[in-house]
Amino acid sequence: MNIRPLHDRVIVRRTQEEKTTESGLIIPDSATEKPSKGEILAVGHGRINDNGDVIALDVKVGDQVLFGQYAGNEIKADGETLLVMREDDIVAVIE
């Protein structure tokens, strides 16, 4: 993938949710919510403050993150649907 987000934006790939319940029932796509967990694929250089200084992001490529259900903008790249969002839309890093 040759996409570099600008400033404080990141590119995230949603992780796939389990589509089978513990008892073995298969859940159709229309009944599942979009997952709010993903992996960071690319990060921008950082946020620019009022003085013109660049503030580095707290997240890095490869981090597993949680974000709001409606966070970010969907884009298509290499036949895959990805999310572009600001670092502020990320609520937690899974360690």
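In case you missed it, the structure is sitting above this.
The following refers to the structure shown.

Definitions and limits used
Residues numbered from 1 in each chain as written. Predicted model: local features only at pLDDT ≥ 70, side-chain atom pairs only at ≥ 80, totals over all residues. Heavy atoms only, no water. Pairing = 2+ DSSP bridges. Helix = DSSP H or I, 4+ residues; strand = E, 2+ residues; numbered from the N terminus. Axes fitted to C-alpha atoms, helices over the stretch in contact; angles between N-to-C directions. Salt bridge = Lys/Arg side-chain N within 4 Å of Asp/Glu carboxyl O. Buried < 20%, exposed > 50% of the residue type's maximum accessible area, 1.4 Å probe, protein only.

Here we look at the sheet that holds strand β2 (residues 37–43)
Note: strands within a sheet are paired through backbone hydrogen bonds, in either parallel or antiparallel orientation. In space, the 6 strands of this open sheet follow the order β6-β7-β1-β2-β5-β8, with antiparallel pairing throughout. Each edge of the open sheet is held by one strand with a lone partner, namely β6 (73–77) and β8 (90–94). Direction aside, neighbouring strands of the sheet carry axes that sit 45 degrees apart on average. Looking at chain direction, strand β5 (residues 64–67) and β8 are connected through 4 bridges and run antiparallel. Its bridge partner lying in β8, Phe 67 is registered against Ile 90.

Side note on the pattern of salt bridges
Going through the model one piece at a time under the given rule, you end up with 4 salt bridges. Where Glu 39 meets Arg 13, a salt bridge forms, and the shortest distance between an N and an O atom there is 3.9 Å. With Glu 39 in strand β2 and Arg 13 in strand β1 (residues 9–14), this residue pair connects regions lying 26 residues apart in the sequence. Linking Asp 63 and Lys 60 is a salt bridge whose minimum nitrogen-to-oxygen distance equals 3.0 Å. A relative accessible area of 10% means that Asp 63 is categorised as buried. The exposure class assigned to Lys 60 is exposed, which follows from its relative accessible area of 52%. Taken together, the shared-partner salt bridges in this structure form one network comprising Arg 13, Glu 39 and Glu 80.

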